[in-house]
Amino acid sequence: MNTMLACTSCGLEETESVVHFGSYILRCAACGQHLVATSFMAMLNSDDECTAFIDPGPGKNPLPETLVARGPLRLTAKAISAAATDGTLIRVIFEPRD
Ligand SMILES: [Zn+2]
């Protein structure tokens, strides 16, 4: 899930993945500008390991107690979707593959 997108506002190439309602959004980690949005539904069959937290805001590290789900996306997507349905931003952090 690494992208080389540069932010159109500040030029930084560091993105964060967040889920908002049914959308999957790549966001600049520095200024919070939304770079790309797609449907979260498009990712539901992924085996990528991820950890999901309630989003603390751009560039901030999520707190362990805000954990929503952890595991392959195909198993955690339901919990992530449920947590995002009321408009809560959910940060999704993908594990680096070995
Ligand atoms: Zn930016």
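Here's a quick rundown of the structure.

1. A short note on the overall build of the protein
Part 1 of the argument: Of regular secondary structure, the protein possesses 1 helix and 6 strands.
Part 2 of the argument: The linear arrangement of helices and strands in the protein, starting from the amino end, is β-β-β-β-β-α-β.
Part 3 of the argument: In terms of overall size, the protein behaves like a compact globule, its C-alpha atoms giving a radius of gyration of 13 Å where 98 residues would be expected to give roughly 13 Å.
Part 4 of the argument: Each principal axis of the C-alpha distribution contributes one length, and for the protein these read about 35 × 30 × 25 Å.
Part 5 of the argument: When the 98 residues of the protein are sorted by exposure, 24% land in the buried category.
Part 6 of the argument: In the protein, of all internal contacts separated by at least 6 residues, the share reaching a separation of at least 24 is 46%.

2. Re helix α1 (residues 73–84)
Part 1 of the argument: Within the sequence span of α1, burial applies to Leu 73, Thr 76, Ala 77, Ile 80 and Ala 84. Buried residues along α1 cover an arc of 125° about the axis, so they all sit on one side.
Part 2 of the argument: Considering only its buried residues, α1 is in contact with β1 (15–20), β4 (49–54), β5 (67–72) and β6 (90–94).

3. Digging into the nonpolar core
Part 1 of the argument: Val 19, Ala 52, Val 68, Ile 80, Ile 90 and Val 92 are the most contacted members of the largest nonpolar core, which totals 15 residues.
Part 2 of the argument: Every element with two or more residues in this core is listed here: β1, β4, β5, α1 and β6.
Part 3 of the argument: Ignoring sequence-local partners within four residues, the contact set of Val 68 consists of Ala 52, Phe 53, Ile 54, Ala 79, Ile 80, Ala 83 and Ile 90.

4. Observations regarding the environment of Pro 64
Part 1 of the argument: With respect to the element layout, Pro 64 can be found in the loop between β4 and β5.
Part 2 of the argument: Residues Pro 64 and Ile 54, 10 residues apart in the sequence, show an inter-C-alpha distance of 9.6 Å.

5. Topic: the sheet that holds strand β2 (residues 23–28)
Part 1 of the argument: In space, the 6 strands of this open sheet follow the order β3-β2-β1-β6-β4-β5, with antiparallel pairing throughout. Of all strands in the sheet, those with a lone pairing partner are β3 (34–39) and β5, marking the two edges. Taking each pair of neighbouring strands and ignoring which way they run, the sheet shows an average axis angle of 25°.
Part 2 of the argument: Bridging between β4 and β6 involves 5 bridges; their strand directions are antiparallel. In the sheet register, Phe 53 faces β6, and the bridge partner there is Arg 91.
Part 3 of the argument: Helix-sheet contacts for α1 involve β1, β4, β5 and β6, and the interaxial angle to β5 is about 160°.

6. Re the pairing of β3
Across a regular strand the side chains alternate sides, sitting on one face of the sheet and then on the other.
Part 1 of the argument: For β3, a buried count of 0 out of 6 residues is recorded, marking the element as mostly open to its surroundings.
Part 2 of the argument: In the sheet, β2 pairs with β3 via 5 bridges, with the strands oriented antiparallel. In the sheet register, Arg 27 faces β3, and the bridge partner there is His 34.
Part 3 of the argument: In this antiparallel pair of consecutive strands, β2 and β3, the connection spans 5 residues, and Gly 32 shows a positive phi of 85°.

What counts, and at which threshold
Residues numbered from 1 in each chain as written. Predicted model: local features only at pLDDT ≥ 70, side-chain atom pairs only at ≥ 80, totals over all residues. Helix = DSSP H or I, 4+ residues; strand = E, 2+ residues; numbered from the N terminus. Rg over C-alpha atoms; globule rule 2.2 N^0.38 Å. Buried ≥ 20, exposed ≤ 12 C-beta atoms within 10 Å, placed from the backbone. Contact = placed C-beta atoms within 7 Å. Arc of directions from axis to C-beta. Core = buried A, V, L, I, M, F, W, Y, C linked by C-beta atoms within 7 Å. Pairing = 2+ DSSP bridges. Axes fitted to C-alpha atoms, helices over the stretch in contact; angles between N-to-C directions.

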